[in-house]
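Coordinates in review
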Amino acid sequence: MNASPGAVGRDTTSSVWLNDALAHEGGGDVTPLDGSLRSDICIVGGGYTGLWTALELKAREPGLDIVVLEKDLCGSGGSGANAGYALSIWLQFPLLVKLYGTEEALRLCRAGDEELSAIGAFSRDHGIDAQFDRQGAIWGATCDAQSGHWEPMLENLERHQVRHFKRVGHDEIAAMTGTTAHVAGVLDQSAAMIQPAMLARGLRRVAIEQGIRIFEKSPMIRLKRDSPPAVVTPRGTVTAGKVILALYAWSLGVRELRSSIMVICTDAAMTVPEALDNLGWRNGPALMDSRTFVEAYRTTESGQVMWTKSGGAMPYGARLDPCLKGVSRPLGSLRDVLRTPYPGLADQPVAGTWAGPIDRTRDGLPMFGALATAPDILYGYGYSGAGIVLSKIGSRILASLALESDDEWSRGGLVRPVPGGFPPEPMRYVGAHMVRAAIARKDRFDHEGRDVGPITRGLLTFKPQSYKPT
Ligand SMILES: Cc1cc2nc3c(=O)[nH]c(=O)nc-3n(C[C@H](O)[C@H](O)[C@H](O)COP(=O)(O)OP(=O)(O)OC[C@H]3O[C@@H](n4cnc5c(N)ncnc54)[C@H](O)[C@@H]3O)c2cc1C
């Protein structure tokens, strides 16, 4: 087996986060797979899911030979492009109770709290400058029609003495964040902000230090569903006892997984540093609104504002990469996201814009398990916009499944068969665009104090669950 290292390249369509993280590394080496090898575990996908799972497996069984294959660079998927809101999973508590019962829902949510803290501790212990900061996050509403949807969830959590969340009114939000655009909201005091790509690249570095073999620029072009399974790349093959597909939105390319997710891109942008001077927001909580196509804005350690708008481009079939060549909206319309909450920021120079995919499941929860067609091939994906903490939980689950341990993780609620639900093409593409237009109309009408008609209401019944405290 030969490995041919090359230099790390930078890309104008990459996130500012990733470009900054690569610059911080000072141009490390890329090693593509060249030849055939065998390993105990082969993980496909070098984002949080793949790298946390590799590290978890190494921690449990140091002697394991683990290979990670990444089609581009580690962190070049969602893990290096996201908004960096490391959120507690208590928002999903009511749904988890409904699906798996109170005991399992409590276990998973408490595990989420521990994993959130563990992300900060791991970064600190390994010298990863992930800029983990427990500054909190506010789910706010920018119009009365979208306010108050959090009440049932809060009442439910109060019954279980969960005290992360605090109702905040218009004036309190303004005092904490300098914006008067939110009529009310909920402060999640446990939320942390991170520099997402620094975390992803840091995990890669630690994994390599621990003897995990990482091959970048090595896309899986074929998955052999044999026993043992094998992953084929353009210049090599890895045959492994277990293959773990940590492919996030690219799970669309695996036929067994395709009908379980809808992929829709989120557009993102970041101002240049010093944009925050005079705003009074440098250390306050991050914000998200209550649109279905959420608008979110946060500060960074270096005084930038990073913001996102979901509801962007959608792929036809599995053709995801062409959707990621840039943002799907003109810069002017992205700037409009900031115009109401922060008029003084909307026209600041930007350091960059980018787009990234979200892998939405019907119920908004991820799934982990083994392919029905090949029990030695595992999957973990479907975070529906909230993968920072869920992928850390996922790494525990995937490690237990890979090691065939009979424990709370392998028996837990999120281990489930791949559900169907989304239709094949071309119905999927046409239907998704109709539902997307209905969601955008509803978000707009809510702000104009108008009701949508029956057709829009009908289309909205097809939308996947969004990650909101409902
Ligand atoms: C703009 C945006 C904002 C977001 N904001 C947040 C947020 O604030 N909070 C939050 O919790 N979550 C957020 N998310 C979601 C979060 O980023 C993801 O849930 C998380 O990164 C998933 O990690 P992953 O490792 O599963 O996926 P990824 O990091 O995407 O890793 C999958 C990897 O697989 C690789 N790959 C694909 N195909 C192949 C192949 N054929 N062969 C080899 N490798 C392949 C990809 O290149 C990629 O690196 C956001 C996502 C986006 C796009």
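Here's a quick rundown of the structure. (Residues numbered from 1 in each chain as written. Predicted model: local features only at pLDDT ≥ 70, side-chain atom pairs only at ≥ 80, totals over all residues. Heavy atoms only, no water.)

1. Points about the overall build of the protein chain
- Looking only at helices and strands, the protein chain features 11 helices and 21 strands.
- The C-alpha radius of gyration of the protein chain comes to 21 Å, within 12% of the 23 Å expected for a compact globule of 470 residues.
- When contacts within the protein chain are restricted to residue pairs at least 6 apart in sequence, those whose partners lie at least 24 apart make up 75%.
- Put simply, the protein chain shows about 18200 Å² of open surface, and 51% of that area lies on carbon and sulfur atoms.
- Of the side chains in the protein chain, 50 bear a positive and 51 a negative charge, and the two mean positions are spaced by 5 Å. (Helix = DSSP H or I, 4+ residues; strand = E, 2+ residues; numbered from the N terminus. Rg over C-alpha atoms; globule rule 2.2 N^0.38 Å. Contact = heavy atoms within 4.5 Å. Areas by Shrake-Rupley, 256 points an atom, 1.4 Å probe, with all protein chains shown as cover. Lys, Arg positive; Asp, Glu negative; His and termini not counted. Charge placed at Lys NZ, Arg CZ, Asp CG, Glu CD.)

2. Quick notes on the pattern of salt bridges
- Tallied over the full model, the rule gives 33 salt bridges.
- The closest approach of N and O atoms between glutamate 115 and arginine 396, which form a salt bridge, is 2.6 Å. On the criterion of sequence distance, the pair formed by glutamate 115 in helix 4 (residues 102-125) and arginine 396 in helix 9 (residues 387-402) is long-range, its members being 281 residues apart.
- Take glutamate 115: its relative accessible area is 3%, and that puts it in the buried class.
- Across the pair arginine 411 and aspartate 406 runs a salt bridge whose closest N-O atoms are separated by 2.6 Å. Take arginine 411 and aspartate 406: they sit in the same class, and that class is exposed.
- A single salt-bridge network, built from bridges that share partners, covers Glu56, Arg60, Glu115, Lys392, Arg396 and Asp407. (Salt bridge = Lys/Arg side-chain N within 4 Å of Asp/Glu carboxyl O. Buried < 20%, exposed > 50% of the residue type's maximum accessible area, 1.4 Å probe, protein only.)

3. Regarding helix 9
- Extensive coverage of helix 9 is indicated by the burial of 15 of its 16 residues.
- Just past helix 9, the residue glutamate 404 takes up positive phi, approximately 55 degrees.

4. Notes on the sheet that holds strand 19 (residues 350-360)
- Ordered by their spatial adjacency, eight strands build an open sheet running 8-9-7-16-17-18-15-19, and the pairing between neighbours is mixed. Edge strands, defined here as strands with exactly one partner in the open sheet, are strand 8 (165-169) and strand 19. Across the sheet, the mean angle separating the axes of adjacent strands is 20 degrees when strand polarity is ignored.
- In the sheet, strand 16 (residues 286-288) pairs with strand 17 (residues 295-299) via two bridges, with the strands oriented antiparallel. Residue methionine 288 lies in a different strand from strand 17, and its bridge partner there is alanine 296.
- Strands in contact with helix 6 (residues 170-177) are strand 7 (137-141), strand 8, strand 9 (184-188) and strand 16; relative to strand 8, the strand with the most contacts, it is inclined by about 100 degrees. (Pairing = 2+ DSSP bridges. Axes fitted to C-alpha atoms, helices over the stretch in contact; angles between N-to-C directions.)

5. Notes on the environment of alanine 191
- As for its placement among the helices and strands, alanine 191 is situated in the loop between strand 9 and strand 10 (192-193).
- For alanine 191, a relative accessible area of 0% translates into the label buried.
- Sequence-wise, alanine 191 and tryptophan 250 are 59 residues apart; in three dimensions their C-alpha atoms are separated by 27 Å.
- Non-local contacts of alanine 191, meaning those with residues more than four positions away in its chain, are made with Ala86, Leu87, Asp133, Arg134, Gln135, Gly136 and Ala137.

6. Re the pairing of strand 4 (residues 33-44)
- With nine bridges joining them, strand 4 and strand 14 (residues 236-245) adopt parallel strand pairing. Across the sheet, the residue bridging to arginine 38 is threonine 239, located in strand 14.
- Where strand 4 lies against strand 5 (residues 66-69), four bridges are found, and the strand directions are parallel. Directly across from valine 44, in strand 5, lies its bridge partner leucine 69.

7. Quick look at the side chain of threonine 179
- Inspection of the secondary structure puts threonine 179 in the loop between helix 6 and strand 9.
- Of the polar contacts made by the side chain of threonine 179, one reaches the backbone nitrogen of alanine 181; its length is 3.1 Å.
- A polar side-chain atom of threonine 179 sits 3.0 Å from the main-chain carbonyl oxygen of proline 341.
- Residues in contact with threonine 179, not counting those within four places in the same chain, are Ile173, Ala174, Leu287, Pro341 and Tyr342. (Polar contact = N/O pair within 3.5 Å; in protein donor to acceptor, adjacent residues only side chain to side chain.)

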